[in-house]
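The primary structure of each chain is shown beneath.
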2 protein chains.
Amino acid sequence: MTSVETSNVPWEEIPALLNVFWRHRTIRHFLPDPVREEHLDMMLWAAQRAPTDASAQMYTIIRITNPDLRDRMATLAGNQQHIRDCAEYFVICLDVYRLRRLVEHRGGRFGMGNRLALIFGTLDAGLAAENLALAAEALGYGTCFIGGIQNAVDVIARELNLPPGVLPVCGLCVGVPDPEHIPPEPRPRLPRWAVVHENGYRDYTHEDLEACYEAMAPISRSRDWYRMLSRYFTDTGIMVQREPVMARAWEQQQLSPDERAAT
Amino acid sequence: MTSVETSNVPWEEIPALLNVFWRHRTIRHFLPDPVREEHLDMMLWAAQRAPTDASAQMYTIIRITNPDLRDRMATLAGNQQHIRDCAEYFVICLDVYRLRRLVEHRGGRFGMGNRLALIFGTLDAGLAAENLALAAEALGYGTCFIGGIQNAVDVIARELNLPPGVLPVCGLCVGVPDPEHIPPEPRPRLPRWAVVHENGYRDYTHEDLEACYEAMAPISRSRDWYRMLSRYFTDTGIMVQREPVMARAWEQQQLSPDERAAT
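Residues numbered from 1 in each chain as written. Chains lettered and ligands numbered in written order. Predicted model: local features only at pLDDT ≥ 70, side-chain atom pairs only at ≥ 80, totals over all residues. Heavy atoms only, no water.

(A) Seen up close, the relation of the copies chain B and chain A. Superposing chain B onto chain A takes a rotation of 180° combined with a translation of 0.0 Å along the rotation axis, leaving an RMSD of 0.0 Å. The transformation just described matches what one would write down for a two-fold rotation axis. Considering only C-alpha atoms, the residue of chain B closest to the rotation axis is Gly126 of chain B, which sits at 2.6 Å. Looking at the interface residues of chain B, 100% of them are also at the interface in chain A, so both copies use one shared face. (Least-squares fit on C-alpha atoms with pLDDT ≥ 70 in both. Contact = heavy atoms within 4.5 Å.)

This is the structure:
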């Protein structure tokens, strides 16, 4: 085991409770074994223990157990085989629909703009998803977050029968890792000074950006992080193609910023 | 210790690694003790180990150590004294600015619509924030997420010198809990069936919504969750007041959905 690159603390001194952060790998190859029922129970319990703004729990987890639907989800996310292979697959959504129903059930007039719904809902979904993933890893399972649902988030929302105010944020695969395919090292990260600023944002120099690329080089055999970044984040990249899909999904789910809230 | 309400697993059988989820309380009263330097190091390391879409690390953590700035942050978040009292206070931001700089540094044309930036950036910020908070709790500290930064997120973004493409998502207090003020019980949560759906969204009946209110009743002495919800989520509530602030902040930080990306 190499030392903890971004930490000054010797690995041996990090409490056992933190090992799970270090052991984290993205797992894309799973054995056919199921997740034990009591483990699934613990994972979902951990997800629900996540902090949540104003105790409002503005997220929903859709567990996909139907094999045909699982196959369809894999196809829609860019044909990702691990979505078919993993023992459990979850679509984690922001959800202000339930909150609306709860407020109206007591005779209140629901009031929340869509900008706040998008930010707080995505935050709540992320907090719950990370608890779910960490609990799974603590129990010995492997996990893989799926950003590829954004390739077809509008279609996915319809196929999961999501009401207005609910939007898929990410997918999450959980299963027993195939020991033949566990990445030996965790992925590199940016230097801490590039991510953590003190008392205000400090802009990056030419040398800073070079140092960022150097730190991230181990991410691929070519040692060229830009090759990966350019696939996603240039004007011909994947993110640009996803933007109109997201625009349609926001409109379809009545989450566009200046839309009058659905009644 | 009461049993785990939302779980069928006896408390004794939950592995020690998961205890941290159960021990989680929101802490708003802190002793004046600092966070030990090696613990701060571990927390920030854990934050950086969080999963991140396309390894792009679309978040930034601003650590607020300057006492005057800390005081100002407390005032802007609705005069929350625990922001002044806690040993460490972080403002966790979505950040696509660094990514743009990295792409342009290699001569690429950055391309990412603001809808994707808002969702992926908020998700990355949430995953990192939860790792930071869980590491702090594993080390024995108390934490409190701060949604109140959304009361003045536009002003906070300016005072932290955030460039275009960076937006505060939440605050996070960390410190040694005052043992006199640790909530004895974790806060209630919705029944699992209300949050976890299988293969598609199942709408809620009148009885379902009643059961949700019943499950959440222990949240306050009045046993009336609606009183809390209505403060935030009705047409005269806090969220409605925050929406124009968020609109200004998105515009100011050049993150409005249909804005041409800054160059």
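Further notes follow.
(B) Quick peek at the layout of surface pockets. Computed from the structure, the largest pocket encloses a volume of approximately 1,000 Å³. If you go around the largest pocket, you meet 41 residues; those closest to its centre are Thr26, Arg28 and Arg187 of chain A together with Ala54 and Ser55 of chain B. At the level of secondary structure, the elements contributing two or more residues to the lining of the largest pocket comprise strand E3 (142-146), helix H10 (225-233) and helix H11 (238-252) of chain A together with helix H6 (114-138) of chain B. Here the lining of the largest pocket is built from residues that sort into 20 nonpolar, eleven polar and ten charged. The computed volume of the second largest pocket comes to approximately 620 Å³. Along its surface, the second largest pocket is lined by 33 residues, and Asp53 and Ala54 of chain A together with Arg28, Phe145 and Tyr232 of chain B are the ones closest to its centre. Of all the secondary structure elements, the ones that give two or more residues to the lining of the second largest pocket are helix H6 (114-138) of chain A together with strand E3 (142-146), helix H10 (225-233) and helix H11 (238-252) of chain B. Of the residues forming the lining of the second largest pocket, the biggest block, four residues, is contributed by H6 of chain A. (1 Å grid on protein atoms, 1.4 Å probe; cavity = no way out; pocket = protein on both sides within 12 Å on 5 of 7 lines; lining within 4 Å. Points joined across faces, edges and corners; volume = space filled by probe spheres on them. Helix = DSSP H or I, 4+ residues; strand = E, 2+ residues; numbered from the N terminus. Nonpolar A, V, L, I, M, F, W, Y, C, P; charged D, E, K, R; others polar.)

(C) Quick peek at the packing of helix H2 (residues 37-48) of chain B against H6 of chain B. All names here are of chain B. At a minimum axis distance of 7 Å, the contact between H2 and H6 shows a crossing angle of 145°. Between H2 and H6 the crossing geometry is right-handed. Contact residues: Met43, Leu44, Ala46 and Ala47 in H2; Ala128, Asn131, Leu132, Ala135 and Ala136 in H6. (Axes fitted to C-alpha atoms, helices over the stretch in contact; angles between N-to-C directions. Left-handed = near helix turned anticlockwise from the far one by under 90°.)

(D) Representation of the interface of chain B and chain A. Opposite the 124 residues of chain B that make contact, chain A presents 125 residues. Carbon and sulfur atoms supply 64% of the area that chain B and chain A bury against each other, a total of about 11,600 Å² over both sides. When the buried area of chain B at its contact with chain A is split by residue, Trp45, Arg49 and Tyr201 of chain B rank highest and sum to 8% of it. Applying the counting criterion to the chain B and chain A interface returns twelve salt bridges. Residue Arg115 of chain B pairs with Glu243 of chain A through a salt bridge whose shortest N-O separation is 3.2 Å. Taken together, the connections running from chain B to chain A amount to 62 residue pairs in polar contact (both at pLDDT 80 or more). Pairing analysis gives three bridges linking strand E1 (residues 59-63) of chain A to strand E5 (residues 196-198) of chain B, with the strands arranged parallel. Across the sheet, the residue bridging to Ile61 of chain A is Val196 of chain B, located in E5 of chain B. (Buried area = accessible area lost by both parts, 1.4 Å probe. Salt bridge = Lys/Arg side-chain N within 4 Å of Asp/Glu carboxyl O. Polar contact = N/O pair within 3.5 Å; in protein donor to acceptor, adjacent residues only side chain to side chain. Pairing = 2+ DSSP bridges.)

(E) Examining the sheet that holds E3 of chain A more closely. Sheet architecture is open: five strands sit in the order E3(A)-E4(A)-E2(A)-E1(A)-E5(B), paired in mixed fashion. Every other strand in the sheet has two partners, leaving E3 of chain A together with E5 of chain B as the edge strands with one partner each. Strand-to-strand twist in this sheet, taken as the mean axis angle between neighbours without regard to direction, amounts to 25°.

(F) Expanded view of helix H9 (residues 206-216) of chain A. Regarding H9 of chain A, the residues found buried are Asp208, Leu209, Cys212, Tyr213 and Met216 of chain A. Relative to the axis of H9 of chain A, the buried residues are bounded by an arc of 140° and lie together on one face. When the buried face of H9 of chain A is taken as reference, the exposed residues oriented beyond 90 degrees from it are Glu207 and Glu214 of chain A. Of the surrounding elements, those touching the buried residues of H9 of chain A are helix H8 (192-195) and H10 of chain A together with helix H5 (97-105) of chain B. (Buried < 20%, exposed > 50% of the residue type's maximum accessible area, 1.4 Å probe, protein only. Arc of directions from axis to C-beta.)

(G) Quick peek at the nonpolar core. Core analysis: the biggest nonpolar cluster contains 202 residues, and Phe233 of chain A together with Phe233 of chain B have the highest contact counts within it. In this structure Phe233 of chain B touches Ala54, Ala56, Met58, Leu99, Val103, Arg109, Phe110, Gly111 and Met112 of chain A together with Met239 of chain B, once residues within four positions along its chain are discounted. (Core = buried A, V, L, I, M, F, W, Y, C linked by side-chain atoms within 4.5 Å.)

(H) Layout of the packing of H10 of chain B against H11 of chain B. Residue and element names in this part refer to chain B. At a closest axis distance of 4 Å, the pairing of H10 and H11 adopts a crossing angle of 25°. By the angle class used here, H10 and H11 are roughly parallel. Residues Arg231, Tyr232 and Phe233 of H10 touch H11, and the partners they reach there are Ile238, Met239 and Arg242. Here the residues of the contact of H10 with H11 are counted per class, giving four nonpolar, no polar and two charged. (Parallel < 35°, antiparallel > 145°, perpendicular 65-115°, else oblique.)

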